[in-house]
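Each chain, written out:
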Amino acid sequence: MWHFPLIGETLGFLKPHKSNSLGFFLQDHCSRYGNVFRSHLFGSPTVVSCDLELNAFILQNEETLFGSSYPKPVHDILGKLSMMLVSGSLHKKLRSVALSFINASKSSPEFLSYVDSFSLSFIHSWTSLSTPLHFFKEAKKLTFYLMLKNLLSIEPDDPIAENILEEFMTFMKGFVSLPVYIPGNAYSKAVKARRRITSTLKDAIKRREKMMKNARGDFLDELVQRDSLNDEEKVSVLLDLLLAGYETTSGLMALVVYFLAKAPSALQKLREEHQSFRKDGEPLNWEDYKKMEFTSHVISEALRCGNLVKFVHRKALKDVKFKEYTIPEGWQVLPIILATHLDPKLHPSPLEFNPWRWIDPTTNRKVTPFGGGVRICPGAELGKLETAFFLHHFILNFRWKIEEEDAPMSCPYLDFKGGLLLELEQIK
């Protein structure tokens, strides 16, 4: 096969495939070269790892042996201060701010009550639909509005909420597109959308600074009082949190709904669990969430089967030896998260959606949907909680089937090309 020097095998590597499969590139290369092999991707000599132990070693040795190393187009679209991209003390500082928000949210009865009530009202808006529901798009709206309310006290019916949502839709279309800047293409539109979102968030910060006598008690109040952060850093934290709420949590909801549609026994078991949480008008709370054992298994299995993220970008900071492998200093390293989730040596019948496999506590050590080490996703638990609260109301109010065969795709980030069309039937 011929390869251009700068592109190498990148186009083959990025070719879309079902997210519950390895795809042709990885299947072909692993069968020919083993689970760890060399390639030339994203303009750099690269070690690709589909090995669980090596992946864990890479993720656990962040900033000592390996560093975050995303291609320049990713920097251009996310911004130089994104938590995905920065390292060292700056990463630690920005991450601690994000964690303070997430931990406060999990323990806030007001926030949990809002997640519960807004999920229910949002779902009820679907009862009058006469056409199939574009679920993935609706899930993005739900999770994005939850984050806007909690971060900035912007209500879903505020015109600015819809404006920011539209900008994020443009932003994400470019984020998952071929990262080449050509005027008018998806990537260039995304770069411009990010600038507009940044401007909107800067204005929100300035307005709140002038209104501190009338504090609202949301995350923005806390953020504007953080003297350790400059304005650009404050905007970047907000952008990261909104992006996580918009894309990651909605993707998780879509995966769960997709796999449950094909697993009637799991859906029945889940309904039985949630019947026990029915309350007379009382919202779900943290204690309810911690008791949702089978729900947790369903969410974890959807993450393993569906794979929100295919891989992460790292670079060797020095020559690294691991078992029989040597990774030269400066080489790019790609731990393939998806590959270990679908490895039959680690998971019996790996393509089968089987929440009961999570009864075995060792399964947790073989699945890393949110990464690992110092860069493990800070909002993982919050995303699971929002998904669990949504599921409570969705499965008790609706039956559904997938209108068209629309498998989750890795492009390389999760997508449903058909939008995950659902035909809904309300449970009376």
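Scroll up to find the structure this text is about.
Residues numbered from 1 in each chain as written. Predicted model: local features only at pLDDT ≥ 70, side-chain atom pairs only at ≥ 80, totals over all residues. Heavy atoms only, no water.

1. Structural notes on the overall build of the protein chain
Heads up, the condition is: Segments assigned H or I by DSSP are reported as helices when at least four residues long, segments assigned E as strands when at least two residues long, and all are numbered from the N terminus. We compute the radius of gyration from the C-alpha atoms alone; for a globule the expected value is 2.2 Å times N to the 0.38, where N is the number of residues. Each residue is assigned to one of three classes by its accessible area relative to the maximum for its type, calculated with a 1.4 Å probe on protein chains only: buried under 20%, partly exposed between the two thresholds, exposed over 50%. Residue contacts are counted whenever heavy atoms from the two residues lie within 4.5 Å of one another. Using a 1.4 Å probe, the Shrake-Rupley method yields the accessible areas, and only the shown protein chains count as cover for residues. Note that His is not counted, nor are the chain ends; the positive residues are Lys and Arg, and the negative ones are Asp and Glu. Positions of charges follow a simple convention, taking NZ of Lys, CZ of Arg, CG of Asp or CD of Glu.
Helix and strand content of the protein chain: 16 helices and 13 strands. Computed over the C-alpha atoms, the radius of gyration of the protein chain is 22 Å, within 12% of the 22 Å expected from 2.2 N^0.38 for a compact globule of 428 residues. Residues classed as buried in the protein chain amount to 55% of the 428 residues present. Looking at the protein chain alone, contacts between residues at least 24 apart form 71% of all its contacts between residues at least 6 apart. Summing over all exposed atoms, the protein chain offers an accessible surface of approximately 19,600 Å²; the carbon and sulfur share of this is 54%. The protein chain carries 53 positive and 50 negative side-chain charges, and their two centres are separated by 4 Å.

2. What to know about the environment of P109
Within the secondary structure, P109 is located in helix α6 (residues 109–124). Judged by its relative accessible area of 58%, P109 is exposed. Through-space distance from the C-alpha of P109 to that of A244 is 22 Å; in sequence the pair is 135 residues apart.

3. Some details on the pairing of strand β9 (residues 332–335)
Under the convention used in this document: Two strands qualify as a pair provided DSSP detects at least 2 bridges between them.
Every second residue of β9 is oriented toward a common face, with Q332 and L334 on one face and V333 and P335 on the other, all of them buried. Note: strand β3 (residues 44–49) against β9, four bridges, orientation parallel. Note that in β9 the partner of S49 across the bridge is P335. Bridge analysis of strand β6 (residues 314–316) against β9 gives two bridges, and the strand direction is antiparallel. Residue pairing across strands places R314 opposite V333, the latter belonging to β9.

4. Points about the nonpolar core
Test applied: Side-chain atoms within 4.5 Å are what join buried Ala, Val, Leu, Ile, Met, Phe, Trp, Tyr and Cys residues into a set we call a nonpolar core.
Counting residues in each nonpolar core, the largest one holds 110 residues, and the members touching the most others are F135, F168, L260 and F390. By residue number, the principal contributor to this core is helix α11 (residues 231–261), which donates 17 residues. Contact partners of L260, with chain neighbours within four places excluded, come to A266, L267, L270, V298, F353, L391 and W400. With 15 residues, the next largest nonpolar core counts F13, F25, L41 and I336 among its residues.

5. A short note on the sheet that holds strand β13 (residues 421–426)
Working definition: the strands of a sheet are paired by backbone hydrogen bonds and lie parallel or antiparallel to each other. Read from one edge of the open sheet, three strands run β5-β13-β10, paired in antiparallel fashion. In this open sheet, the two strands that pair with only one neighbour each are β5 (133–134) and β10 (398–402). Inspection of the sheet shows β10 paired to β13 by five bridges, in the antiparallel sense. Bridge pairing links F398 to Q426 in β13.

6. Examining the layout of surface pockets
Short version of the rule: Grid points spaced at 1 Å and placed over the protein atoms alone form the basis of the search, with a cavity being a set where a 1.4 Å probe fits but cannot get out and a pocket an open set showing protein on both sides within 12 Å along at least five of seven lines. Lining residues have an atom within 4 Å of a point. Grid points are joined across faces, edges and corners, and a volume is the space filled by probe spheres set on the points. As a working rule, the residues Ala, Val, Leu, Ile, Met, Phe, Trp, Tyr, Cys and Pro are called nonpolar, Asp, Glu, Lys and Arg charged, and the rest polar, with Gly in that last group.
Computed from the structure, the largest pocket encloses a volume of approximately 540 Å³. T10, L14, F42, L178 and P179 are the residues nearest the centre of the largest pocket, which is lined by 26 residues in total. Only α1 (10–14), α4 (72–78) and α8 (159–175) provide two or more residues apiece to the lining of the largest pocket. Across the lining of the largest pocket, the residue classes tally to 21 nonpolar, five polar and no charged. For the second largest pocket, the calculated volume is near 460 Å³. For the second largest pocket, the lining is made up of 18 residues, of which F136, K140, K173, D415 and F416 are closest to its centre. Looking at the lining of the second largest pocket, the elements that each hand over two or more residues are α7 (135–152), α8, α11 and β12 (414–415).

7. Describing empty space enclosed by the protein
Within this structure, the stated rule accounts for one cavity of 30 Å³ or more. Computed from the structure, the largest cavity encloses a volume of approximately 1,000 Å³. Lining the largest cavity we find 46 residues, and of these M84, A244, T248, V309 and C377 sit closest to its centre. Every element with two or more residues in the lining of the largest cavity is listed here: α5 (88–106), α7, α8, α11 and α16 (380–397). Top contributing element to the lining of the largest cavity by residue count: α11, with ten residues. In terms of residue class, the lining of the largest cavity is built from 29 nonpolar, ten polar and seven charged.

8. A closer look at the packing of aromatic side chains
Our working definition: Two rings from Phe, Tyr or Trp (for Trp, the six-membered ring) form a pair when their centres sit within 6.5 Å of each other. Planes less than 30 degrees apart are called stacked, planes more than 60 degrees apart edge-to-face, and all others tilted. In this analysis the charged atom, NZ for Lys or CZ for Arg, is taken to sit over a ring once it is within 6 Å of the ring centre and within 35 degrees of the ring normal.
One pass over the structure, following the stated rule, counts 32 aromatic pairs. Taken together, a centroid distance of 5.5 Å and an interplanar angle of 45° make the contact between W286 and Y289 tilted. A residue pair is termed a helical-turn pair when its members lie 3 or 4 positions apart in one helix, as W286 and Y289 do in helix α13 (residues 286–290) at three residues. Every member of this aromatic cluster is reached through a ring pair, and the members are Y114, F118, F122, W126, F135, F390, F394, F398 and W400. Of note, K149 hangs over the ring of Y114, and the distance from its end group to the ring centre comes to 5.5 Å.

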